[in-house]
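Secondary and tertiary structure notes
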Amino acid sequence: MATIFSKIIAGEIPCHKVAEDDEFFAFLDINPVAVGHTLVVPKQETDYIFDLDDPLLGRMICFAKRVAAAQKAAIICKRIGLTVIGLEVPHAHIHLIPMTRESDMFFGRKKLEITPESLAEIAGKIRKEYK
Ligand code: AMP
């Protein structure tokens with residue numbers, strides 16, 4: 001059965017898309033820990049990120065780098081933090097999180113409450129900066 005992320009990539013489930021190329025897809029996390037929290041996902045459905053072959057994993061990091069540059073340009077922050085957890089959705093993904101302090105990366109705290117309209121606006125700003 002397709003993962004929820006494959007359904008998002010296929011357009012069967014809505015998302016706030018940020019960027020896409022032939023192999024990867026980036027969209028806003030629906031329960032963000034910080035404004036602009038984005039997920040980068042390979043279109044190839046693989047559960048564990050370190051099961052991706054080396055060239056694909058390398059290209060995924062380079063894609064994430066371009067998305068991070070767009071986030072950095074669009075959102076006030078010190079830098080973009082990167083983390084991989086993967087306990088909830090069995091489809092490899094990188095979390096890219098705009099941060100100004102270490103605690104912005106902490107998944108244990110209360111998630112932000114952001115309206116769909118605001119998420120759409122944030123995604124639009126990041127999309128505009130993606131090159
Ligand atoms: P984890 O697998 O532990 O890295 O967490 C999966 C992440 O995916 C969580 O931060 C969720 O908020 C996020 N997530 C789950 N479903 C969706 C969705 N439909 N759209 C956007 N983000 C999602």
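Here the structure is shown first, and the text comes after it.
Our subject in this report is the structure included herewith. (Residues numbered from 1 in each chain as written. Predicted model: local features only at pLDDT ≥ 70, side-chain atom pairs only at ≥ 80, totals over all residues. Heavy atoms only, no water.)

Within the largest apolar cluster, 27 residues are counted, with the highest numbers of intra-cluster contacts made by V18, V40, V67, L96 and I126. Those elements that provide at least two residues to this core are β1 (17-20), β2 (24-28), α2 (54-74), β5 (94-99) and α3 (116-129). Here the element with the most residues in this core is α2; it accounts for nine residues. Every residue in contact with V67, bar those within four places of it in the chain, is listed here: V18, A19, A26, T38, V40, L96 and Y130. With eight residues, the next largest nonpolar core counts F5, I8, F25 and V89 among its residues. (Core = buried A, V, L, I, M, F, W, Y, C linked by side-chain atoms within 4.5 Å. Buried < 20%, exposed > 50% of the residue type's maximum accessible area, 1.4 Å probe, protein only. Helix = DSSP H or I, 4+ residues; strand = E, 2+ residues; numbered from the N terminus. Contact = heavy atoms within 4.5 Å.)

Okay, α2 next. Taking 1.5 Å of rise per residue, 21 residues should cover 30 Å, and α2 covers 30 Å from first to last C-alpha, within 8% of that figure. Among the residues of α2, those classed as buried are L56, L57, M60, F63, A64, V67, A68, A70, Q71 and A74. Burial along α2 is one-sided: seen end-on, the buried residues are contained in an arc of 160°. Summarising the geometry of α2, the exposed residues directed more than 90 degrees from the buried face are D54 and K65. You can read the cap of α2 off the contacts: a side-chain oxygen lies 2.9 Å from the backbone nitrogen of L56, and it is on D53. (Expected span 1.5 Å × (residues − 1). Arc of directions from axis to C-beta. Polar contact = N/O pair within 3.5 Å; in protein donor to acceptor, adjacent residues only side chain to side chain.)

Okay, the site of the ligand next. The ligand sits among 16 residues. The nearest are D29, G86, E88, H93 and H95. A distance of 2.6 Å separates an oxygen atom of the ligand from a polar side-chain atom of H93. Here the ligand has 510 Å² of accessible area as a free molecule, and 89% of this is covered by the chains. Listed by contribution, the elements that provide at least two residues to the shell around the ligand are α1 (4-9) and β2. Among the elements that make up the shell around the ligand, the one with the highest residue count is α1 (three residues). For the shell around the ligand, a count of residues per class yields ten nonpolar, four polar and two charged. (Near = heavy atom within 4 Å. Areas by Shrake-Rupley, 256 points an atom, 1.4 Å probe, with all protein chains shown as cover. Nonpolar A, V, L, I, M, F, W, Y, C, P; charged D, E, K, R; others polar.)

Attention now goes to the sheet that holds β5. Overall, antiparallel pairing links the five strands, which are arranged β1-β2-β3-β5-β4 in an open sheet. Two strands in the sheet have a free side with no partner beyond their single neighbour: β1 and β4 (79-83). Pairwise comparison of adjacent strand axes, ignoring direction, gives a mean angle of 20° for this sheet. Here strand β3 (residues 38-42) pairs with β5 via three bridges, running antiparallel. In the strand pairing of β5, T38 is matched with L96. Lying over the sheet, α2 contacts β1, β2, β3, β4 and β5, oriented at roughly 25° with respect to β5. (Pairing = 2+ DSSP bridges. Axes fitted to C-alpha atoms, helices over the stretch in contact; angles between N-to-C directions.)

Inspection of every chain in the model, using the stated rule, returns nine salt bridges. A salt bridge links R59 to E23; the nearest nitrogen and oxygen atoms lie 2.7 Å apart. Linking R59 in helix α2 with E23 in the loop between β1 and β2, this pair joins segments that are 36 residues apart in sequence. A residue is classified by how much of its surface remains accessible, and R59, at 38% relative accessible area, is partly exposed. Residue classification places E23 among the partly exposed residues on the basis of a relative accessible area of 27%. Overlapping salt bridges, with partners in common, bring together K17, E20 and K43 in one network. (Salt bridge = Lys/Arg side-chain N within 4 Å of Asp/Glu carboxyl O.)

Any functional reading would require information that these geometric values do not contain.
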